[in-house]
Amino acid sequence: HAKAAGRNTHAVFGEHMDELLRRRRALESDLRFAVETRTQLETFYQPVFNATDGSICSLEALARWKHPKMGYISPDQFIPLAEDIGLINDIGALVLDNACRTLADLPGISIAINASPLELSSPGYSLRVLTTLANMNVSPERLEIEMTETATADNTIDLKRTIAMLRKAGVRFAIDDFGTGYSSFSRVQNIEVDRIKIDRSFIGEMHQSGSRAVVVAMIGMARAKGLKITAEGVETIEQRAELERLGCDDLQGFLMSRPLPRQDVAAYVSRMART
Ligand code: C2E
Ligand code: MG
Ligand code: MG
Ligand code: MG
């Protein structure tokens, strides 16, 4: 009896795994197609604001995949998939291309792109970035690269060399989702960066004294090291007021603006500049 039930469970579980695997394979080949044809991948831009005067200081470029059948798929899903199947460099190049084009169209603004450590430490990365900037006549000072903390491909010599080379050319670096990695503070010691972006999980819990204390500590550390500070995921007026009080440099979040499709960016930026 028990044995039969066990076998049954196994059969169901096995079927489920097959189904998951089948779906994953399909998604992989769909992503390959999207990258090859350059059709379904778009770049959205989320405005980032100066905490002191409320002006727009930059845009964060965020990859979007508009799947023909499933609609928009989150980068939290397809970026790890792209890393797994060797497509991350192609997607990164696509976003970089789009971002540089937008930079060329919108003088006076800077743009941040996201790069996984895997991409950053792959050969030719720094050359690709500098070439793309040069081809579009965009000054490297207008580009910032956000790297997410991950356990792998961290602190490698290649990664450090790439960062050093790009920083020397004027490109700035930020540690994204700061505080969520297991080695946030040691990373800031080991890698030369210009900015930290405090992860939105801390901002969302700032009404709790414990989380607020962590935010205060992160800001104190960044100040002491001369780093710029962005708070991400600002969703309420209370959070914004508190972050201004604490001396955060820049603010990003749904309270001010969601990520915008490319065609809406220019109008948004000029509207903000007028008010
Ligand atoms: P991230 O770099 O930390 O980007 C911020 C994410 O938070 C974005 O999600 C943005 O839409 C979301 N967000 C912004 N403000 C708020 C808010 O007030 N509340 C909430 N709940 N969310 C907010 P998105 O666009 O889904 O991107 C998710 C992650 O995917 C990014 O996190 C980044 O790590 C990764 N990603 C996106 N584009 C790229 C890319 O081109 N290359 C790489 N390597 N990774 C990317
Ligand atoms: Mg980011
Ligand atoms: Mg982030
Ligand atoms: Mg994130």
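Quantities reported herein were computed from a predicted structural model and do not represent experimental measurements.

Draft legend 1. Molecular detail of the packing of helix α3 (residues 88-105) against helix α5 (residues 125-135). The interhelical angle for the contact between α3 and α5, taken along N-to-C directions, is 25 degrees, at an axis separation of 10 Å. Considered as vectors, α3 and α5 are oriented roughly parallel to each other. The handedness of the crossing between α3 and α5 is right-handed. Residues N89, G92, A93, L96, D97 and C100 of α3 form the contact with α5, whose participating residues are R128, V129, T132 and L133. Looking at the contact of α3 with α5 residue by residue, the class counts come to five nonpolar, three polar and two charged.

Draft legend 2. Expanded view of the site of ligand 1. The full set close to ligand 1 counts 24 residues, and R64, D176, R200, E235 and F254 are the nearest of them. N114 places a side-chain nitrogen or oxygen 2.8 Å from an oxygen atom of ligand 1. One of the side-chain N or O atoms of R200 is found 2.8 Å from an oxygen atom in ligand 1. A total of 800 Å² of accessible area belongs to ligand 1 in isolation, and the protein chains cover 88% of it. Among the elements of the structure, β2 (56-67), α2 (75-84), β4 (110-115), β5 (143-148) and β6 (172-178) are those that each provide at least two residues to the shell around ligand 1.

Draft legend 3. Representation of the side chain of T132 within the structure. With respect to the helices and strands, the residue T132 is situated in helix α5. For T132, the side chain forms a polar contact with the main-chain oxygen of R128, separated by 2.7 Å. When neighbours within four sequence positions are excluded, T132 is seen to be in contact with L96, D97 and C100.

Draft legend 4. Representation of the state of the cysteines within the structure. Counted by the stated rule, this structure contains zero disulfides. In this structure C57 is a free cysteine whose sulfur lies 11 Å from that of C248, the closest cysteine sulfur available. For C57, a relative accessible area of 23% translates into the label partly exposed.

Draft legend 5. Region of interest: the coordination of the magnesium ion (ligand 2). Note on the magnesium ion (ligand 2): its protein donors are E60 (OE), N114 (OD1), E146 (OE) and D176 (OD). The metal-donor distances range over 1.9 to 2.2 Å. Along the chain, the residues donating to the magnesium ion (ligand 2) are arranged with the sequence spacing E-x53-N-x31-E-x29-D. A separation of 4.0 Å is found between the magnesium ion (ligand 2) and the magnesium ion (ligand 3), both of which receive a donor from D176. Remark: D176 occurs in strand β6 and E60 occurs in strand β2; sequence separation between them is 116 residues.

Draft legend 6. The arrangement of unusual backbone geometry in detail. At R38, a position not held by glycine, the phi torsion is positive, near 55 degrees. For R38, the position within the fold is in the loop between α1 (2-37) and β1 (41-50). In this structure, N137 takes a positive phi of about 60 degrees despite not being glycine. With respect to the helices and strands, the residue N137 is situated in the loop between α5 and β5.

Draft legend 7. Spatial organisation of the pattern of salt bridges. Under the definition given, this model contains 17 salt bridges. Here the salt bridges do not stand alone but share partners, grouping E144, R172, R195 and D250 into one network.

The rules behind the values
Residues numbered from 1 in each chain as written. Chains lettered and ligands numbered in written order. Predicted model: local features only at pLDDT ≥ 70, side-chain atom pairs only at ≥ 80, totals over all residues. Heavy atoms only, no water. Axes fitted to C-alpha atoms, helices over the stretch in contact; angles between N-to-C directions. Helix = DSSP H or I, 4+ residues; strand = E, 2+ residues; numbered from the N terminus. Parallel < 35°, antiparallel > 145°, perpendicular 65-115°, else oblique. Left-handed = near helix turned anticlockwise from the far one by under 90°. Contact = heavy atoms within 4.5 Å. Nonpolar A, V, L, I, M, F, W, Y, C, P; charged D, E, K, R; others polar. Near = heavy atom within 4 Å. Polar contact = N/O pair within 3.5 Å; in protein donor to acceptor, adjacent residues only side chain to side chain. Areas by Shrake-Rupley, 256 points an atom, 1.4 Å probe, with all protein chains shown as cover. Disulfide = S-S within 2.5 Å. Buried < 20%, exposed > 50% of the residue type's maximum accessible area, 1.4 Å probe, protein only. Donors = N, O, S within 2.8 Å, 3.2 Å for Na, K, Ca; no water. Salt bridge = Lys/Arg side-chain N within 4 Å of Asp/Glu carboxyl O.

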